[in-house]
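# Structural description and commentary
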Amino acid sequence: MNEFTVPILFSVIIGTLSRIYMFRTDYRQYPTYPHGMIIHLALGFIAAALGALVVPSIMSEEFTAVTFLTLAASQFREVRNMERKTLTEMDTLELVPRGASYIEGIAVTFEGRNYLVIFISFVTSLAYLSLNVWASLVAAVLSFLVARKYMTGSKLGKIAYIEHSTLSFEGAGLYVDNIYIMNIGIPERQEEILKHGLGFVISPKNFDARMTIGNLGQRQAILHDLAISLGVYRDSGTPALVPLIKRDLDDGRIGVFILPQNNNVELAKKIISQVPTLENAIRMPTETKEKGSDQS
Amino acid sequence: MILEKAILAAITDSVHKVPVGANVFVCDTKAEMDKVAAELEAILDGIAHKLSNDVYIIVKH
């Protein structure tokens, strides 16, 4: 035991607890498996330990010791690869897949949360060693609030309006509002679709959102979330019943067609508005400088 | 072999309207066409699209 033992232990505990809090096993996150959870808890513990050690190593003038943080970076990049690989492999077995963009988003989140843990335990140990235990508690709570702010991304409901719309057939063409979805030939299938299907039109609130909701990965994420929450009326080998999203080229609205098992329209609208806007789908064409490339 | 976007079969009641080279199923009535198209859709894991009143095609997507 030396003067650093208690502060380090304290920060490691705070860091690990914050990682546990960040586990939100909801309908879309994947660690619903106890073993997946243990892997991430262990990594969270390692991240907390790394963050807690920074300040003591500087105080004892072991500056080179800080280089172990580079270890952390490569270690946690591996977490992202691991998540991406697992989810991609599982995705082939989903009735409505997540899509590569959604998987990448989840994988990046897993990596990012470990860095948040490093940050929290670093701030906690800094406050403990430079002030006292109460200050470190306050610092832990504050950094925790900052982390929580960064943990939750934007939702689709913020950038677009969601309306329920009717499905209709013009000849063999299936339409949501006036957006063409696909050609369904057999009358029996058409009846099935009209009976079980739901249609929604998502209209962007501004030009940036128009590009974002047009992204194929973002569209797949909407379908996946809907299918996970409401169930889906299809099986393997029934491609005619695959939920689809098509775009109106004139105004950027997208038409969502899905055959859910639970036909609750209000719930479906709520789910669509809660779909995360994927980080890699966000486009901001309006941010482009007027003079173009010579401004960069 | 993995097929992407291919016409697997065509179902028709007027044989001169379908492309040469596809597997053509000639039917006598519209009701028979619907039935054959539904069966083929299930067997081939494709979607039955209606090109006109006389022609269905089964397409792998």
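Just so it is clear, the structure is predicted and the values come from calculations on it, not from any experiment.

Residues spaced three or four apart along an α-helix point in a common direction, a consequence of the helix completing one turn every 3.6 residues. Residues and elements named next belong to chain A. A rise of 1.5 Å per residue sets the reference length of helix α3 (residues 68-91), with its 24 residues, at 34 Å; its end C-alpha atoms lie 35 Å apart and thus fit the reference within 8%. Taken residue by residue, α3 has Phe68, Ala72, Phe76, Val79, Glu83, Leu87 and Asp91 as its buried positions. For α3, the secondary structure elements touched by its buried residues are α2 (34-59) and α4 (100-130).

Residue and element names in this part refer to chain A. Strand order in the open sheet formed by 4 strands is β1-β5-β7-β6, and the pairing between neighbours is antiparallel. Looking along the sheet, the strands with just one partner apiece sit at the ends: β1 (160-165) and β6 (244-247). On average, each strand axis in the sheet is tilted by 20° relative to the strand beside it, whichever way the strands run. The strands touched by helix α8 (residues 207-214) within the sheet are β5 (198-204), β6 and β7 (254-258), with β5 carrying the most contacts at an inclination of about 140°. Docked against the sheet, helix α10 (residues 265-274) engages β1 and β5, running at close to 35° with respect to β5.

Okay, the environment of Gly15(A) next. Residues and elements named next belong to chain A. Structurally, Gly15 is set in helix α1 (residues 5-22). Residue classification places Gly15 among the buried residues on the basis of a relative accessible area of 0%. In this structure the C-alpha to C-alpha distance between Gly15 and Gly51, which are 36 residues apart in sequence, comes to 8.3 Å. If near-sequence neighbours (up to four positions away) are discounted, Gly15 is found in contact with Ala48, Val117 and Ser121.

Let us look at the nonpolar core. All names here are of chain A. The biggest cluster of nonpolar side chains holds 52 residues, and the ones touching the most others in it are Phe76, Leu156, Phe200, Ile202, Ile222, Leu226 and Ile272. Of the residues forming this core, the biggest block, 8 residues, is contributed by α4. Three or more residues apiece are contributed to this core by two domains, here domain 1 (5-152) and domain 2 (157-284). Not counting the four nearest positions on each side in its chain, Phe200 is found in contact with Ile162, Glu163, His164, Ser165, Val176, Ile254, Gly255, Val256, Val265, Ala268, Lys269 and Ile272. Val176, Ile184, Ala240 and Phe257 belong to the second largest nonpolar core, which has 14 residues in total.

Residues and elements named next belong to chain A. By the assigned domains, chain A splits into domain 1 (5-152) and domain 2 (157-284). On a C-alpha basis, the centroid separation for the pair domain 1 and domain 2 is 35 Å. The partner domain 2 presents 20 residues to the 12 residues of domain 1 that form the contact. For the pair domain 1 and domain 2, the summed buried surface comes to about 1300 Å²; carbon and sulfur atoms form 61% of the total. Applying the counting criterion to the domain 1 and domain 2 interface returns 0 salt bridges. Seen at the junction of domain 1 and domain 2, the total is 4 residue pairs in polar contact (both at pLDDT 80 or more). Broken down by class, the residue content of the side of domain 1 that touches domain 2 amounts to 6 nonpolar, 2 polar and 4 charged.

It is worth spelling out the environment of Leu174(A) at this point. Residue and element names in this part refer to chain A. Counting through the fold element by element, Leu174 comes out in strand β3 (residues 173-176). It is 6.8 Å that separates the C-alpha atoms of Leu174 and Ile184, two residues lying 10 residues apart in sequence. Leave out the neighbours within four places in its chain, and Leu174 touches Leu167, Ser168, Phe169, Ile179, Tyr180, Ile181, Met182, Ile193 and Phe257.

Rules of the game
In this convention, every chain numbers its residues from 1, walking through the sequence in written order. Working convention: letters from A go to chains and numbers from 1 go to ligands, in the order in which they are written. Totals for whole chains, interfaces and linings use all residues, but because this is a predicted model, local features are given only for residues with pLDDT of at least 70 and pairs of side-chain atoms are given and counted only at 80 or more. Based on all heavy atoms of the structure, the side-chain values leave hydrogens and waters out of the count. By definition, any uninterrupted DSSP run of H or I lasting at least four residues is a helix, any uninterrupted run of E lasting at least two residues is a strand, and each is numbered from the N terminus. Multiplying 1.5 Å by the helix residue count minus one yields the expected span of that helix. Note on classification: 1.4 Å probe, protein chains only; a residue is buried when its accessible area is under 20% of the maximum for its type, exposed when over 50%, partly exposed between these limits. We call two residues in contact whenever any of their non-hydrogen atoms come within 4.5 Å of each other. For two strands to pair, DSSP has to find at least two bridges joining them. Lines fitted to C-alpha atoms define the axes, with helix axes restricted to the stretch in contact, and inter-axis angles between N-to-C directions lie between 0 and 180 degrees. Think of a nonpolar core as a cluster: buried Ala, Val, Leu, Ile, Met, Phe, Trp, Tyr and Cys residues, connected wherever their side-chain atoms sit within 4.5 Å. These domain limits were set by an automatic method or by a database of domain assignments. Using a 1.4 Å probe, buried area is obtained as the accessible area two parts lose upon being combined, added over both of them. A carboxyl oxygen of Asp or Glu within 4 Å of a side-chain nitrogen of Lys or Arg is what we treat as a salt bridge. In the analysis that follows, any N or O atom pair within 3.5 Å is treated as a polar contact, provided that within protein one partner can donate a hydrogen and the other can accept it, and provided that, for residues neighboring in sequence, both atoms belong to side chains. For this classification, the nonpolar set comprises Ala, Val, Leu, Ile, Met, Phe, Trp, Tyr, Cys and Pro, the charged set comprises Asp, Glu, Lys and Arg, and every other residue, Gly included, is treated as polar.

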